[in-house]
Amino acid sequence: MKQPLTGSAGSWFSKTGYRFPAGGIQSLLRISGLLTLFLSLWFSASAQTGRPLTLPFFDDFSTVTSRPDPTLWQAGGNVYINNTLPINHPSVNVATFDGLKATGAPYDFTNSNAVGPTDTLTSLPIDLSGYTAADAVFLSFYWERKGLGELPDESDTLRLQFLNNTGVWKTVWKEMGAETNNNFVQTFVAVDRAEFMHAGFRFRFEAFGRLSGPFDSWHLDYIYLNRGRSAGDRFVKDIATRQAVTPYLKRYTAMPLKQYLANPAAETADSVRTDIVNLFNNFNFTTFRFLVRDEVSGRQVQDYQQTLSENIGSLSSQVRRVKPQPLPADFSGKRTVLRYTFDVLTTDDQNPSIPGVNLRRNDSISGVTVLDDYFAYDDGTAETALNVNQRQGRAGMRFILNVPDVVSGARINFVQISNDLTGRPFVLSVYGSNRGRPGNLLYQQSFVLKYPQTRNGFVDFKFDYGVAVKDTFYIGWTQLSEESLLAVGFDKNSPFGNQVFVNLGTSWEPGGVTGAPMFRPIIGGLNTAPITGIEEEPAALSALRVFPNPNPGVLTWDHPALRRVEVLDLNGRPLLNVQPTEGQRQLDVGSLGNGFYLVRLSDGKRTVTQKLIISK
Ligand SMILES: [Ca+2]
Ligand SMILES: [Ca+2]
Ligand SMILES: [Ca+2]
């Protein structure tokens, strides 16, 4: 059961335990000055309204998701609270700094090379009036570069500033990019200069990097400011949950309830796991409880408790593992949202290391599995983005059904990265299976790209017709131009990585990626009769066809005496109706927008209908 910490250096704190800030900065901070109480009070009274916070100040981000706690932090800094981007963090959830705003939009979406200030995390005012260097006020925090995000470049920075008593922000600590470090480093900065000892004291972290997407990632955690500390004050009596809980399902992170209930035992994972961390310097016994509950019906599915007599070493982690119960066969309803929770029953609220802070706040961690109208391999958070770097390049994802079903579209997370592709066309395709890879084309439809409104949001792209599928099917997208590389969110946390296939021209090959695109087939939900596939044209009729397909705007055919060319939309409404002249072999259809059409060709004896994609 004892599990060494993962990561190249073997733990989430540095090999030397912790690292001091750069010597120059440290010695600068140690210069104590005389406190001018008058000036301090003057500033705080003029610049602040409302009551400042008092020591201790602590946040490990475990109590919120997405945005920082507004009772501690100033709104609008755009850091992203999450539990999927960090590696080896001290407790569940971190604050991530990168080039995306809280909405998921880049700071700069016109110049992909632009750099500048990105996210900030600013404390609310903290009353330090009356303190002196003798009070030994220290700010400590854990920080990491990159994690599962993007490595900051050499010139990128994360810096810490303190607000002094004349309203000036003073830089007291700074780190540069370039060097990967998969351990969170604990840093201590003394707050001992008189200019900081005022009632309106604040501190802020600021990142500088690329402004055009989720680039140059820094992660912060476990921020603690208090008096009576020292730079060796590393240990806090705290057991914390940390690692995102593994999937409840064996093959997917989400699947339609109907597909799950066809074989609950086989679809339920053999175990679900998380890991917990001991942040104290003493051994600490733990009991944990594992609960599974359907949030739609309120029904409890599992309640299990285990006490481990094993100790967790100081500043190390241990895996906790449970065999989850399948949903009972009589489970009814249209959908379910299963919340499965590890609750570590610690005594962190007794004799706390941080007076007034209840460290049971980080003792519980949940996973959520949705059984509704879609399949997913991803966990709902993109750590990076994936594109197929070639015109007409295709990607396809494999899904295996328990019972026949209908695909009615795709739910996609497009990431706003480098270039704004709003309105650009792309094509979704559904394929059958050919020896474990995408096979015959069952359906195609073109769409225009739309970004979600939030970071990690999804947009539904619904087909005009449902597509009947059974056994194994594939669904994917086609990249229509090199200039507009579709960036599909990519979940690096997913253990289901071998379901992606890529076709750069003639054959489908395994994608060879670790993780999963945030691309989910929508199942069911269309009332129209599903189509069962596009009929291949018999060889004798092959001359009754136009090419190329997809088509840039000029239809070409080989037939020597075509009588009629009709272009229809997918609902059968005629858009063009042309009688070619003798010997005519081409037709300009440049007036049609990019999209998916039907072309009906007749030579007077036979009529053939063909699906056509216009892509200019
Ligand atoms: Ca945390
Ligand atoms: Ca705790
Ligand atoms: Ca993720």
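That block above? That's the structure.
So, how was this worked out
Residues numbered from 1 in each chain as written. Chains lettered and ligands numbered in written order. Predicted model: local features only at pLDDT ≥ 70, side-chain atom pairs only at ≥ 80, totals over all residues. Heavy atoms only, no water. Helix = DSSP H or I, 4+ residues; strand = E, 2+ residues; numbered from the N terminus. Buried < 20%, exposed > 50% of the residue type's maximum accessible area, 1.4 Å probe, protein only. Areas by Shrake-Rupley, 256 points an atom, 1.4 Å probe, with all protein chains shown as cover. Pairing = 2+ DSSP bridges. 1 Å grid on protein atoms, 1.4 Å probe; cavity = no way out; pocket = protein on both sides within 12 Å on 5 of 7 lines; lining within 4 Å. Points joined across faces, edges and corners; volume = space filled by probe spheres on them. Nonpolar A, V, L, I, M, F, W, Y, C, P; charged D, E, K, R; others polar. Domains from an automatic or database assignment. Donors = N, O, S within 2.8 Å, 3.2 Å for Na, K, Ca; no water. Tetrahedral: all angles 85-135°; square planar, octahedral: opposite > 155°, others 65-115°. Axes fitted to C-alpha atoms, helices over the stretch in contact; angles between N-to-C directions. Phe/Tyr/Trp six-rings, centres within 6.5 Å; stacked < 30°, edge-to-face > 60°. Lys NZ or Arg CZ within 6 Å of the ring centre and 35° of its normal. Salt bridge = Lys/Arg side-chain N within 4 Å of Asp/Glu carboxyl O. Core = buried A, V, L, I, M, F, W, Y, C linked by side-chain atoms within 4.5 Å. Contact = heavy atoms within 4.5 Å.

Q: Is there a simple way to explain the overall build of the protein in this structure?
A: A tally of regular secondary structure across the protein gives four helices and 37 strands. The 616 residues of the protein split such that 55% are buried. Accessible area of the protein: about 25400 Å², with a carbon and sulfur share of 50%.

Q: Which parts of the structure should I look at to understand the sheet that holds strand E35 (residues 586–588)?
A: Either a parallel or an antiparallel arrangement is found when strands of a sheet pair, and the pairing is made through backbone hydrogen bonds. The three strands lie next to each other as E31-E32-E35, forming an open sheet whose pairing is antiparallel. For this open sheet the edge positions go to strand E31 (546–547) and E35, each flanked by a neighbour on one side alone. Across three bridges, strand E32 (residues 554–557) lies against E35 in antiparallel orientation. Looking at the pairing, Leu 555 lines up with Leu 587 of E35.

Q: Just checking my understanding: could you explain empty space enclosed by the protein for this structure?
A: Rolled over the atoms, a probe with the dimensions of a water molecule shows which regions are left empty. Taken as a whole, this structure holds two cavities of 30 Å³ or more when the rule is applied. Counted as a void, the largest cavity has a volume near 180 Å³. If you go around the largest cavity, you meet 20 residues; those closest to its centre are Leu 100, Ala 382, Val 415, Arg 455 and Asn 456. Here the residues of the lining of the largest cavity are counted per class, giving seven nonpolar, nine polar and four charged. The residues that make up the lining of the largest cavity include at least three from each of domain 1 (5–234) and domain 3 (384–523). A volume near 60 Å³ is recorded for the second largest cavity.

Q: I keep staring at the coordination of the calcium ion (ligand 2) and nothing clicks. Help me out?
A: Around a metal, the ideal angle is 109.5 degrees if four donors adopt a tetrahedral arrangement and 90 or 180 degrees if six donors adopt an octahedral arrangement. Protein coordination at the calcium ion (ligand 2): the donors are Asp 238 (OD), Ile 239 (O), Asp 348 (OD), Leu 359 (O), Asn 362 (OD1) and Asp 363 (OD), at 2.2 to 2.3 Å from the metal. Viewed at the metal, the six donor atoms of the calcium ion (ligand 2) are separated by angles of 77 to 175°, and the geometry they form is octahedral. Mapping the donors of the calcium ion (ligand 2) onto the primary sequence yields the spacing D-I-x108-D-x10-L-x2-N-D. Residue Asn 362 is classed as buried on the basis of its relative accessible area of 0%.

Q: I keep staring at the sheet that holds strand E6 (residues 157–163) and nothing clicks. Help me out?
A: The strand order across the open sheet formed by four strands is E4-E9-E6-E7, and the pairing between neighbours is antiparallel. Looking at strand neighbours, the two that pair on one side only are strand E4 (115–122) and strand E7 (169–176), the edges of this open sheet. Averaged over all neighbouring strand pairs, the angle between strand axes comes to 25°, with direction disregarded. Here six bridges tie E4 to strand E9 (residues 203–210), and the two strands are oriented antiparallel to one another. Across the sheet, the residue bridging to Pro 117 is Phe 208, located in E9.

Q: So what exactly am I meant to see when it comes to the packing of aromatic side chains here?
A: The geometry of two aromatic rings is summed up by the distance between their centres and the angle between their planes. For the coordinates displayed, the defined rule picks out 38 aromatic pairs. Plain terms: the ring middles of Phe 288 and Phe 342 are 5.7 Å apart, the flat faces sit at 40° to each other, and that makes the pair tilted. With Phe 288 in strand E14 (residues 286–294) and Phe 342 in strand E17 (residues 336–345), the pair connects residues that are 54 residues apart, well separated along the chain. This pair shows no difference in class: Phe 288 is buried, exactly as Phe 342 is. Aromatic ring contacts, followed pair by pair, group Phe 57, Phe 61, Trp 73, Phe 141, Trp 143, Trp 173, Phe 203, Phe 205 and Trp 218 into a single cluster. Here the guanidinium or amino end of Arg 210 rests over the ring plane of Phe 215, the centre of that ring lying 5.6 Å away.

Q: I'm lost on the coordination of the calcium ion (ligand 3) in this one. Help?
A: Around the calcium ion (ligand 3), the protein supplies Asp 379 (OD), Asp 379 (OD), Thr 381 (O), Thr 381 (OG1), Glu 383 (OE), Glu 383 (OE), Asp 491 (OD) and Asn 493 (OD1) as donor atoms, at distances of 2.2 to 2.7 Å. Here the donor residues for the calcium ion (ligand 3) map to a single chain with the spacing D-x1-T-x1-E-x107-D-x1-N. You can see Asp 379 sitting in the loop between strand E18 (364–372) and strand E19 (384–386) and its partner Asn 493 sitting in the loop between strand E26 (488–491) and strand E27 (500–503), a full 114 residues away along the chain. On the accessibility criterion, Asp 379 (33% relative accessible area) is partly exposed. We classify Asn 493 as partly exposed; its relative accessible area is 31%.

Q: Which parts of the structure should I look at to understand the pattern of salt bridges?
A: Where charged atoms from two side chains of opposite charge come close, those side chains can pair. Taken as a whole and assessed by the stated rule, the structure comprises 25 salt bridges. The shortest N-O distance in the salt bridge between Lys 170 and Glu 195 comes to 3.0 Å. In this pair, Lys 170 is assigned in strand E7 and Glu 195 in the loop between strand E8 (185–190) and E9, connecting sequence segments 25 residues apart. The network of salt bridges with common partners includes Asp 59, Asp 60 and Arg 361.

Q: Looking at this structure, how should I read the pairing of E8?
A: Two faces, one strand: in a regular strand the side chains alternate between the faces of the sheet. For E8, the buried fraction is high: six of the six residues fall into the buried class. The alternating pattern of E8 places Val 185, Thr 187 and Val 189 on one face and Gln 186, Phe 188 and Ala 190 on the opposite face, and all of these are buried. As paired strands, strand E5 (residues 138–145) and E8 are joined by six bridges and run antiparallel to one another. In the strand pairing of E8, Phe 141 is matched with Thr 187.

Q: Before we go on, may I ask you to explain the nonpolar core in this structure?
A: If you look at soluble globular proteins, the nonpolar side chains tend to sit buried side by side. Counting residues in each nonpolar core, the largest one holds 70 residues, and the members touching the most others are Phe 426, Leu 428 and Trp 477. Among the elements that take part in this core, strand E24 (residues 459–469) stands out by supplying five residues, more than any other. Filtering out sequence-adjacent residues up to four positions away, Leu 428 remains in contact with Ala 410, Ile 412, Tyr 443, Gln 444, Gln 445, Phe 447, Phe 461, Phe 463, Gly 476, Trp 477 and Phe 519. In terms of nonpolar packing, the next biggest core, distinct from the first, is built from 36 residues, Trp 73, Phe 162, Val 172 and Trp 173 among them.

Q: Just checking my understanding: could you explain the pairing of strand E20 (residues 394–400) for this structure?
A: With five of seven residues buried, E20 is to be regarded as a mostly interior element. Summarising the sheet, E20 and strand E25 (residues 472–478) pair through seven bridges and their orientation is antiparallel. By the bridge assignment for E25, Ile 400 is matched with Thr 472. For E20 and E27, the ladder comprises four bridges, and the chain directions are antiparallel. From the neighbouring strand, Ala 395 faces E27, where its bridge partner is Val 502.

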